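Topology and contacts: notes
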Amino acid sequence: MATMAAATASSKLIFSPKTSSPSRICPFQLCVFDTKYSLLLSNKRKNVVGGGVRCMALKEVAATTETKKRSGYELQTLTSWLLRQEQEGVIDAELTIVLSSISLACKQIASLVQRANISNLTGVQGAVNVQGEDQKKLDVISNEVFSNCLRSSGRTGIIASEEEDVPVAVEESYSGNYIVVFDPLDGSSNIDAAVSTGSIFGIYSPNDECLADIDDDSTLDSSTQKCIVNVCQPGNNLLAAGYCMYSSSIIFVLTIGKGVFVFTLDPLYGEFVLTQENLQIPKAGKIYAFNEGNYQLWDDKLRKYIDDLKDPGPSGKPYSSRYIGSLVGDFHRTLLYGGIYGYPRDKKNKNGKLRLLYECAPMSFIVEQAGGKGSDGYQRVLDIQPTEVHQRVPLYIGSTEEVEKVEKFLA
Ligand code: AHM
Ligand code: MG
(Lines give C-alpha, C1' and ligand atoms only; values in the text may rest on other atoms or scores of the structure.)
(Ligands and ions follow the chains in the order given, each with its own letter.)
Protein backbone atom coordinates (compact mmCIF):
# COMPACT_ATOMS: atom_id res chain seq x y z
CA MET A 1 0.00 0.00 0.00
CA ALA A 2 2.84 2.34 0.97
CA THR A 3 4.61 1.51 -2.28
CA MET A 4 1.42 2.15 -4.21
CA ALA A 5 0.97 5.48 -2.48
CA ALA A 6 4.53 6.49 -3.28
CA ALA A 7 4.08 5.41 -6.86
CA THR A 8 0.86 7.36 -7.16
CA ALA A 9 2.52 10.39 -5.66
CA SER A 10 5.45 10.22 -8.06
CA SER A 11 3.16 9.61 -11.01
CA LYS A 12 1.17 12.67 -9.93
CA LEU A 13 4.35 14.71 -9.82
CA ILE A 14 5.08 13.81 -13.38
CA PHE A 15 1.61 14.10 -14.82
CA SER A 16 0.37 17.17 -12.97
CA PRO A 17 0.05 19.99 -15.52
CA LYS A 18 1.46 22.57 -13.03
CA THR A 19 4.56 20.57 -12.21
CA SER A 20 5.12 18.93 -15.52
CA SER A 21 8.12 20.99 -16.45
CA PRO A 22 10.64 18.13 -16.61
CA SER A 23 13.61 20.31 -15.76
CA ARG A 24 12.00 21.19 -12.41
CA ILE A 25 11.52 17.57 -11.49
CA CYS A 26 14.80 16.03 -12.56
CA PRO A 27 17.36 17.35 -15.02
CA PHE A 28 18.17 14.01 -16.58
CA GLN A 29 15.68 11.27 -16.16
CA LEU A 30 12.80 10.08 -14.03
CA CYS A 31 11.94 6.78 -12.42
CA VAL A 32 8.34 5.74 -12.13
CA PHE A 33 6.59 2.62 -11.00
CA ASP A 34 4.84 1.21 -14.00
CA THR A 35 2.70 -1.87 -13.53
CA LYS A 36 2.14 -2.35 -17.26
CA TYR A 37 5.87 -2.23 -17.82
CA SER A 38 6.47 -4.81 -15.11
CA LEU A 39 4.41 -7.25 -17.17
CA LEU A 40 6.74 -6.72 -20.07
CA LEU A 41 9.87 -7.40 -18.06
CA SER A 42 10.11 -11.03 -19.06
CA ASN A 43 10.17 -10.09 -22.75
CA LYS A 44 12.19 -6.93 -22.68
CA ARG A 45 14.98 -6.33 -20.14
CA LYS A 46 16.10 -2.85 -21.11
CA ASN A 47 16.63 0.19 -18.84
CA VAL A 48 15.32 -1.80 -15.89
CA VAL A 49 16.43 -0.84 -12.38
CA GLY A 50 14.04 -3.02 -10.39
CA GLY A 51 10.74 -4.86 -10.61
CA GLY A 52 8.32 -2.57 -12.35
CA VAL A 53 10.58 0.48 -12.09
CA ARG A 54 12.03 1.91 -15.24
CA CYS A 55 14.02 4.98 -16.05
CA MET A 56 12.74 7.07 -18.88
CA ALA A 57 14.44 9.71 -20.94
CA LEU A 58 12.79 13.13 -20.82
CA LYS A 59 11.31 12.82 -24.30
CA GLU A 60 9.60 9.62 -23.22
CA VAL A 61 8.24 11.32 -20.11
CA ALA A 62 6.73 14.08 -22.21
CA ALA A 63 5.07 11.55 -24.50
CA THR A 64 3.68 9.64 -21.50
CA THR A 65 2.40 12.90 -20.02
CA GLU A 66 0.38 13.50 -23.16
CA THR A 67 -1.08 10.01 -23.05
CA LYS A 68 -1.95 10.22 -19.32
CA LYS A 69 -3.50 13.67 -19.65
CA ARG A 70 -5.95 12.25 -22.11
CA SER A 71 -6.59 9.11 -20.04
CA GLY A 72 -8.74 10.94 -17.48
CA TYR A 73 -7.35 8.91 -14.56
CA GLU A 74 -5.90 11.87 -12.73
CA LEU A 75 -7.21 12.21 -9.17
CA GLN A 76 -7.10 15.33 -7.08
CA THR A 77 -6.95 14.47 -3.40
CA LEU A 78 -7.78 16.78 -0.53
CA THR A 79 -4.07 16.87 0.30
CA SER A 80 -3.00 17.91 -3.18
CA TRP A 81 -5.87 20.42 -3.36
CA LEU A 82 -4.81 21.99 -0.05
CA LEU A 83 -1.20 22.19 -1.21
CA ARG A 84 -2.34 23.92 -4.39
CA GLN A 85 -4.29 26.48 -2.30
CA GLU A 86 -1.17 27.02 -0.21
CA GLN A 87 1.02 27.48 -3.29
CA GLU A 88 -1.46 30.01 -4.63
CA GLY A 89 -1.37 31.93 -1.34
CA VAL A 90 -5.05 31.35 -0.49
CA ILE A 91 -4.17 29.69 2.83
CA ASP A 92 -0.95 29.47 4.79
CA ALA A 93 0.98 26.32 5.65
CA GLU A 94 -0.39 26.32 9.19
CA LEU A 95 -4.00 26.25 8.05
CA THR A 96 -3.15 23.51 5.56
CA ILE A 97 -1.91 21.39 8.47
CA VAL A 98 -4.96 22.12 10.61
CA LEU A 99 -7.30 21.15 7.75
CA SER A 100 -5.32 17.97 7.07
CA SER A 101 -5.51 16.99 10.71
CA ILE A 102 -9.28 17.55 10.69
CA SER A 103 -9.63 15.34 7.62
CA LEU A 104 -7.66 12.64 9.42
CA ALA A 105 -9.98 12.90 12.44
CA CYS A 106 -12.95 12.55 10.09
CA LYS A 107 -11.51 9.41 8.49
CA GLN A 108 -11.00 7.91 11.93
CA ILE A 109 -14.53 8.81 13.06
CA ALA A 110 -15.95 7.43 9.80
CA SER A 111 -14.36 4.09 10.50
CA LEU A 112 -15.59 4.09 14.11
CA VAL A 113 -19.12 4.94 13.00
CA GLN A 114 -19.12 2.24 10.34
CA ARG A 115 -17.96 -0.39 12.86
CA ALA A 116 -20.08 0.88 15.79
CA ASN A 117 -22.32 -2.18 15.95
CA ILE A 118 -19.41 -4.59 15.64
CA SER A 119 -17.23 -2.89 18.25
CA ASN A 120 -20.01 -2.34 20.78
CA LEU A 121 -19.86 1.42 20.34
CA THR A 122 -23.61 2.02 20.17
CA GLY A 123 -25.64 3.32 23.11
CA VAL A 124 -25.03 5.90 25.79
CA GLN A 125 -21.86 6.58 27.71
CA GLY A 126 -23.65 7.32 30.96
CA ALA A 127 -22.60 10.97 31.20
CA VAL A 128 -24.49 14.17 30.45
CA ASN A 129 -22.79 17.09 28.68
CA VAL A 130 -22.90 20.72 29.81
CA GLN A 131 -26.03 21.23 27.71
CA GLY A 132 -27.89 18.52 29.60
CA GLU A 133 -27.80 15.98 26.77
CA ASP A 134 -27.01 12.29 27.26
CA GLN A 135 -23.65 11.62 25.68
CA LYS A 136 -23.44 8.64 23.39
CA LYS A 137 -20.31 6.49 23.54
CA LEU A 138 -19.38 7.72 20.08
CA ASP A 139 -19.93 11.38 21.08
CA VAL A 140 -17.22 11.00 23.69
CA ILE A 141 -14.84 8.99 21.50
CA SER A 142 -15.27 11.29 18.49
CA ASN A 143 -14.54 14.28 20.69
CA GLU A 144 -11.32 12.63 21.81
CA VAL A 145 -10.33 11.75 18.24
CA PHE A 146 -10.97 15.31 17.02
CA SER A 147 -9.17 16.91 19.96
CA ASN A 148 -6.17 14.60 19.63
CA CYS A 149 -5.78 15.23 15.91
CA LEU A 150 -5.98 18.99 16.43
CA ARG A 151 -3.55 18.95 19.35
CA SER A 152 -1.00 16.85 17.54
CA SER A 153 -1.18 19.12 14.49
CA GLY A 154 0.78 21.62 16.60
CA ARG A 155 -1.02 24.46 14.82
CA THR A 156 -4.09 24.90 17.02
CA GLY A 157 -4.19 27.22 20.01
CA ILE A 158 -7.72 26.82 21.33
CA ILE A 159 -10.37 24.22 20.69
CA ALA A 160 -14.05 24.42 21.55
CA SER A 161 -16.34 21.44 21.22
CA GLU A 162 -20.03 20.69 21.70
CA GLU A 163 -18.92 18.00 24.13
CA GLU A 164 -16.67 20.17 26.35
CA ASP A 165 -17.97 22.58 29.00
CA VAL A 166 -15.52 25.34 28.11
CA PRO A 167 -12.98 25.90 25.32
CA VAL A 168 -9.58 24.44 26.03
CA ALA A 169 -6.13 25.84 25.32
CA VAL A 170 -3.71 23.43 23.70
CA GLU A 171 -0.59 22.84 25.85
CA GLU A 172 1.84 25.58 24.93
CA SER A 173 4.66 23.42 23.62
CA TYR A 174 2.36 21.90 20.99
CA SER A 175 0.22 24.88 20.27
CA GLY A 176 -0.23 27.16 17.29
CA ASN A 177 -2.55 30.03 16.57
CA TYR A 178 -5.71 28.72 15.02
CA ILE A 179 -8.97 28.42 16.94
CA VAL A 180 -11.11 25.48 15.97
CA VAL A 181 -14.76 25.07 16.98
CA PHE A 182 -16.42 21.74 16.27
CA ASP A 183 -19.24 19.33 16.83
CA PRO A 184 -17.42 16.01 16.61
CA LEU A 185 -20.49 13.86 15.98
CA ASP A 186 -23.65 15.71 15.10
CA GLY A 187 -26.93 13.82 14.92
CA SER A 188 -25.56 11.07 17.13
CA SER A 189 -29.08 10.00 18.14
CA ASN A 190 -29.09 8.36 14.69
CA ILE A 191 -26.00 6.23 15.32
CA ASP A 192 -27.67 3.12 16.73
CA ALA A 193 -29.90 2.91 13.64
CA ALA A 194 -26.94 3.40 11.26
CA VAL A 195 -28.50 6.58 9.85
CA SER A 196 -26.35 9.48 8.57
CA THR A 197 -24.36 11.55 11.04
CA GLY A 198 -21.55 14.08 10.58
CA SER A 199 -18.83 16.28 12.05
CA ILE A 200 -18.95 20.08 11.69
CA PHE A 201 -16.08 22.53 12.17
CA GLY A 202 -15.12 26.18 11.85
CA ILE A 203 -11.68 27.82 12.02
CA TYR A 204 -10.85 31.32 13.27
CA SER A 205 -7.70 33.30 13.93
CA PRO A 206 -7.16 34.71 17.43
CA ASN A 207 -9.23 37.76 18.32
CA ASP A 208 -9.71 39.22 21.74
CA GLU A 209 -12.16 41.95 20.81
CA CYS A 210 -15.22 39.79 21.18
CA LEU A 211 -17.98 40.40 23.66
CA ALA A 212 -18.22 37.16 25.60
CA ASP A 213 -20.58 37.28 28.54
CA ILE A 214 -18.23 36.63 31.46
CA ASP A 215 -19.34 37.83 34.90
CA ASP A 216 -16.96 40.02 36.89
CA ASP A 217 -17.18 37.52 39.72
CA SER A 218 -16.56 34.57 37.40
CA THR A 219 -14.77 31.66 39.01
CA LEU A 220 -13.13 30.75 35.70
CA ASP A 221 -9.34 31.16 35.63
CA SER A 222 -7.87 33.79 33.34
CA SER A 223 -6.67 31.27 30.75
CA THR A 224 -10.19 29.85 30.37
CA GLN A 225 -11.62 33.35 30.14
CA LYS A 226 -9.12 34.17 27.39
CA CYS A 227 -10.19 31.05 25.51
CA ILE A 228 -13.86 31.94 25.77
CA VAL A 229 -13.21 35.46 24.52
CA ASN A 230 -11.24 34.17 21.54
CA VAL A 231 -13.83 31.58 20.65
CA CYS A 232 -16.85 33.90 20.81
CA GLN A 233 -16.41 35.40 17.36
CA PRO A 234 -19.13 36.08 14.80
CA GLY A 235 -19.27 33.74 11.81
CA ASN A 236 -18.16 36.68 9.67
CA ASN A 237 -14.63 36.07 10.98
CA LEU A 238 -14.51 32.42 9.88
CA LEU A 239 -11.46 31.57 7.77
CA ALA A 240 -12.63 28.09 6.90
CA ALA A 241 -15.57 25.82 7.65
CA GLY A 242 -16.67 22.38 6.66
CA TYR A 243 -18.34 19.16 7.55
CA CYS A 244 -17.88 15.48 7.00
CA MET A 245 -20.95 13.34 6.41
CA TYR A 246 -20.88 9.68 7.45
CA SER A 247 -23.45 8.12 5.16
CA SER A 248 -23.53 5.68 2.23
CA SER A 249 -20.45 7.68 1.15
CA ILE A 250 -18.12 9.66 3.38
CA ILE A 251 -18.29 13.22 2.07
CA PHE A 252 -16.01 16.07 3.17
CA VAL A 253 -17.30 19.53 2.25
CA LEU A 254 -15.00 22.50 2.68
CA THR A 255 -14.86 26.22 2.14
CA ILE A 256 -11.86 28.44 2.70
CA GLY A 257 -13.85 31.47 1.59
CA LYS A 258 -13.48 30.87 -2.14
CA GLY A 259 -16.38 28.60 -3.04
CA VAL A 260 -17.43 25.21 -1.80
CA PHE A 261 -15.52 22.03 -2.64
CA VAL A 262 -16.72 18.48 -2.15
CA PHE A 263 -14.41 15.51 -1.57
CA THR A 264 -15.48 11.89 -1.38
CA LEU A 265 -13.54 9.29 0.56
CA ASP A 266 -12.29 6.68 -1.86
CA PRO A 267 -12.27 3.48 0.21
CA LEU A 268 -9.66 1.95 -2.10
CA TYR A 269 -7.07 4.67 -1.51
CA GLY A 270 -8.27 5.87 1.89
CA GLU A 271 -8.06 9.40 0.48
CA PHE A 272 -10.61 12.16 0.05
CA VAL A 273 -10.88 12.80 -3.68
CA LEU A 274 -12.23 16.03 -5.20
CA THR A 275 -15.66 15.24 -6.66
CA GLN A 276 -17.29 18.68 -7.03
CA GLU A 277 -15.77 22.12 -7.48
CA ASN A 278 -17.45 25.41 -6.70
CA LEU A 279 -20.72 23.82 -5.69
CA GLN A 280 -23.70 26.17 -6.08
CA ILE A 281 -27.01 25.61 -4.30
CA PRO A 282 -30.13 25.92 -6.51
CA LYS A 283 -31.81 29.36 -6.08
CA ALA A 284 -35.05 27.64 -5.01
CA GLY A 285 -36.19 24.10 -4.26
CA LYS A 286 -39.45 22.51 -3.17
CA ILE A 287 -38.13 20.40 -0.27
CA TYR A 288 -38.44 21.47 3.37
CA ALA A 289 -36.79 19.83 6.38
CA PHE A 290 -38.31 20.77 9.76
CA ASN A 291 -39.19 18.60 12.76
CA GLU A 292 -42.93 19.03 12.37
CA GLY A 293 -43.57 17.19 15.62
CA ASN A 294 -43.03 20.63 17.16
CA TYR A 295 -45.78 22.26 15.04
CA GLN A 296 -48.08 22.97 18.01
CA LEU A 297 -45.19 24.66 19.85
CA TRP A 298 -44.40 27.08 17.00
CA ASP A 299 -45.84 30.56 16.73
CA ASP A 300 -48.67 31.38 14.32
CA LYS A 301 -46.49 33.04 11.71
CA LEU A 302 -44.32 29.97 11.34
CA ARG A 303 -47.32 27.64 11.26
CA LYS A 304 -48.82 29.73 8.44
CA TYR A 305 -45.55 29.40 6.52
CA ILE A 306 -45.56 25.61 6.90
CA ASP A 307 -49.25 25.46 5.92
CA ASP A 308 -48.38 27.47 2.83
CA LEU A 309 -45.70 24.96 1.81
CA LYS A 310 -48.25 22.17 2.05
CA ASP A 311 -50.82 24.00 -0.08
CA PRO A 312 -50.80 22.39 -3.55
CA GLY A 313 -51.82 25.77 -5.08
CA PRO A 314 -52.63 26.13 -8.79
CA SER A 315 -49.74 23.84 -9.80
CA GLY A 316 -51.24 21.01 -7.73
CA LYS A 317 -47.81 20.24 -6.26
CA PRO A 318 -47.04 21.04 -2.64
CA TYR A 319 -43.50 21.02 -1.23
CA SER A 320 -42.03 17.65 -0.24
CA SER A 321 -41.05 17.03 3.36
CA ARG A 322 -37.74 15.28 4.15
CA TYR A 323 -36.27 15.13 7.63
CA ILE A 324 -33.40 12.90 8.70
CA GLY A 325 -32.89 14.56 12.09
CA SER A 326 -29.19 14.91 11.36
CA LEU A 327 -28.18 18.44 10.45
CA VAL A 328 -25.28 17.38 8.26
CA GLY A 329 -27.41 14.96 6.23
CA ASP A 330 -30.36 17.34 5.89
CA PHE A 331 -28.05 20.24 5.05
CA HIS A 332 -26.07 18.27 2.47
CA ARG A 333 -29.24 17.26 0.62
CA THR A 334 -30.45 20.87 0.73
CA LEU A 335 -27.13 22.08 -0.69
CA LEU A 336 -27.40 19.68 -3.62
CA TYR A 337 -31.13 19.67 -4.38
CA GLY A 338 -32.17 23.08 -3.06
CA GLY A 339 -34.91 23.83 -0.54
CA ILE A 340 -34.76 24.78 3.12
CA TYR A 341 -33.73 23.30 6.47
CA GLY A 342 -35.17 24.89 9.60
CA TYR A 343 -34.83 24.51 13.33
CA PRO A 344 -37.09 27.27 14.72
CA ARG A 345 -37.57 28.55 18.24
CA ASP A 346 -40.63 27.17 20.00
CA LYS A 347 -42.61 27.61 23.21
CA LYS A 348 -40.18 25.40 25.14
CA ASN A 349 -36.88 26.45 23.53
CA LYS A 350 -36.85 30.17 22.88
CA ASN A 351 -33.63 29.97 20.86
CA GLY A 352 -34.27 26.69 19.11
CA LYS A 353 -31.90 23.78 19.52
CA LEU A 354 -28.87 24.28 17.31
CA ARG A 355 -25.67 25.91 18.54
CA LEU A 356 -24.42 29.09 16.90
CA LEU A 357 -20.68 28.53 17.11
CA TYR A 358 -20.13 25.03 15.84
CA GLU A 359 -23.38 24.26 13.97
CA CYS A 360 -25.17 27.33 12.61
CA ALA A 361 -22.21 29.62 11.79
CA PRO A 362 -20.04 27.07 9.90
CA MET A 363 -23.08 25.85 7.91
CA SER A 364 -24.07 29.46 7.14
CA PHE A 365 -20.56 30.23 5.88
CA ILE A 366 -20.74 27.19 3.61
CA VAL A 367 -24.22 27.97 2.30
CA GLU A 368 -23.30 31.59 1.53
CA GLN A 369 -20.20 30.43 -0.30
CA ALA A 370 -22.53 28.22 -2.36
CA GLY A 371 -24.83 31.17 -3.16
CA GLY A 372 -27.51 30.45 -0.53
CA LYS A 373 -28.58 32.02 2.79
CA GLY A 374 -28.41 31.26 6.51
CA SER A 375 -30.76 33.25 8.76
CA ASP A 376 -32.21 33.16 12.26
CA GLY A 377 -35.48 34.33 10.71
CA TYR A 378 -34.64 38.03 11.00
CA GLN A 379 -30.91 38.45 10.41
CA ARG A 380 -27.92 36.81 8.77
CA VAL A 381 -26.49 34.13 11.08
CA LEU A 382 -22.92 35.23 10.24
CA ASP A 383 -23.66 38.68 11.72
CA ILE A 384 -24.69 37.34 15.12
CA GLN A 385 -22.16 38.14 17.84
CA PRO A 386 -21.95 35.18 20.21
CA THR A 387 -21.97 35.89 23.92
CA GLU A 388 -21.73 32.28 25.07
CA VAL A 389 -19.85 29.27 23.77
CA HIS A 390 -22.88 26.97 23.63
CA GLN A 391 -25.35 29.66 22.59
CA ARG A 392 -28.36 28.43 20.61
CA VAL A 393 -30.07 30.27 17.75
CA PRO A 394 -33.00 29.47 15.46
CA LEU A 395 -31.79 28.45 12.01
CA TYR A 396 -33.30 28.72 8.51
CA ILE A 397 -30.80 27.73 5.87
CA GLY A 398 -30.77 26.80 2.21
CA SER A 399 -31.78 28.24 -1.16
CA THR A 400 -31.91 32.05 -1.19
CA GLU A 401 -35.54 32.28 -2.35
CA GLU A 402 -36.72 29.77 0.25
CA VAL A 403 -34.96 31.48 3.16
CA GLU A 404 -36.32 34.87 2.03
CA LYS A 405 -39.79 33.35 1.89
CA VAL A 406 -39.73 32.21 5.52
CA GLU A 407 -38.27 35.58 6.58
CA LYS A 408 -41.28 37.30 4.95
CA PHE A 409 -43.72 35.11 6.86
CA LEU A 410 -41.91 35.77 10.15
CA ALA A 411 -41.61 39.57 9.65
P1 AHM B 1 -26.84 17.03 18.49
O2 AHM B 1 -25.73 17.97 18.20
O3 AHM B 1 -27.03 16.78 19.96
O4 AHM B 1 -26.74 15.76 17.70
O5 AHM B 1 -28.20 17.77 18.06
C6 AHM B 1 -28.28 18.36 16.82
C7 AHM B 1 -29.21 17.57 15.95
C8 AHM B 1 -29.15 17.97 14.51
O9 AHM B 1 -28.25 17.18 13.80
C10 AHM B 1 -30.54 17.71 14.04
O11 AHM B 1 -30.86 18.47 12.92
C12 AHM B 1 -31.36 18.03 15.25
O13 AHM B 1 -30.52 17.87 16.37
C14 AHM B 1 -32.51 17.12 15.39
O15 AHM B 1 -33.22 17.48 16.51
P16 AHM B 1 -34.68 16.92 16.76
O17 AHM B 1 -34.52 15.49 17.13
O18 AHM B 1 -35.25 17.76 17.86
O19 AHM B 1 -35.45 17.07 15.48
MG1 MG C 1 -24.66 18.86 17.13
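Bear in mind that the values here come from a model prediction, so they are computed numbers and not experimental data. (Residues numbered from 1 in each chain as written. Chains lettered and ligands numbered in written order. Predicted model: local features only at pLDDT ≥ 70, side-chain atom pairs only at ≥ 80, totals over all residues. Heavy atoms only, no water.)

Octahedral six-donor coordination of a metal ideally yields angles of 90 or 180 degrees, compared with 109.5 degrees for tetrahedral four-donor coordination. Those protein atoms acting as donors to the magnesium ion (ligand 2) are E162 (OE), D183 (OD), D186 (OD) and E359 (OE), and they sit at 1.8 to 2.5 Å. All donor residues of the magnesium ion (ligand 2) come from one chain, and their arrangement in sequence is E-x20-D-x2-D-x172-E. Within this pair, whereas E162 is found in the loop between β6 (156-161) and β7 (168-169), its partner D186 is found in strand β8 (residues 178-186), the two being separated by 24 residues in sequence. D186 shares its class with E162; the two are buried. (Donors = N, O, S within 2.8 Å, 3.2 Å for Na, K, Ca; no water. Helix = DSSP H or I, 4+ residues; strand = E, 2+ residues; numbered from the N terminus. Buried < 20%, exposed > 50% of the residue type's maximum accessible area, 1.4 Å probe, protein only.)

Moving on, we get to the packing of helix α10 (residues 327-337) against helix α11 (residues 356-369). Between α10 and α11, whose axes approach to 12 Å, the crossing angle comes to 15 degrees. The angle between α10 and α11 falls in the class roughly parallel. Where α10 crosses over α11, the two elements pack in a sense that is right-handed. When α10 is examined against α11, the residues L327, V328, F331 and L335 are found in contact with a partner set consisting of E359, M363, I366 and V367. (Axes fitted to C-alpha atoms, helices over the stretch in contact; angles between N-to-C directions. Parallel < 35°, antiparallel > 145°, perpendicular 65-115°, else oblique. Left-handed = near helix turned anticlockwise from the far one by under 90°. Contact = heavy atoms within 4.5 Å.)

Within the secondary structure, Q135 sits in strand β5 (residues 134-136). On the basis of relative accessible area, Q135 is assigned to the buried category, the value being 9%. The residues contacting Q135, other than those within four sequence positions of it, are V124, Q125, G126, A127, V128, N129, V140 and E163.

All right, on to the confidence of the model for the protein chain then. Counting all residues, the mean pLDDT for the protein chain is 83, and 77% of those residues have values of 70 or more. Counted against residues more than four places away or in other chains, residues 1-58, with its pLDDT under 50, gives 66 contacts. (pLDDT = per-residue confidence, 0-100.)

This brings us to helix α6 (residues 93-114). Across its 22 residues, α6 extends 32 Å between first and last C-alpha, which sits within 8% of the 32 Å expected from 1.5 Å per residue. Listed in full, the buried residues belonging to α6 are L95, T96, V98, L99, S101, I102, S103, A105, C106, I109, A110 and V113. Where α6 starts, the residue carrying a side-chain oxygen 3.2 Å from the main-chain nitrogen of E94 turns out to be D92. (Expected span 1.5 Å × (residues − 1). Polar contact = N/O pair within 3.5 Å; in protein donor to acceptor, adjacent residues only side chain to side chain.)

By the alternation rule, side chains of strand β16 (residues 340-343) split into I340 and G342 and Y341 and Y343, which are all buried. As paired elements, strand β14 (residues 287-289) and β16 share two bridges and run parallel to each other. Counterpart to A289 in the pairing with β16 is Y341. Looking at chain direction, β16 and strand β18 (residues 395-398) are connected through four bridges and run antiparallel. Residue pairing across strands places Y343 opposite L395, the latter belonging to β18. (Pairing = 2+ DSSP bridges.)

Ranked by size, the top nonpolar core spans 44 residues in total, and within it Y243, F331, L335, M363 and I366 carry the most contacts. At nine residues, the largest contribution of residues to this core is made by α11. For this core, the domains that each give at least three residues are domain 1 (78-278) and domain 2 (287-410). The contact partners of I366, leaving out residues within four places of it in the chain, are A241, G242, Y243, V253, T255, V260, F331 and L335. Of all hydrophobic cores here, the second largest spans 40 residues; its members include L82, L121, I250 and F272. (Core = buried A, V, L, I, M, F, W, Y, C linked by side-chain atoms within 4.5 Å. Domains from an automatic or database assignment.)

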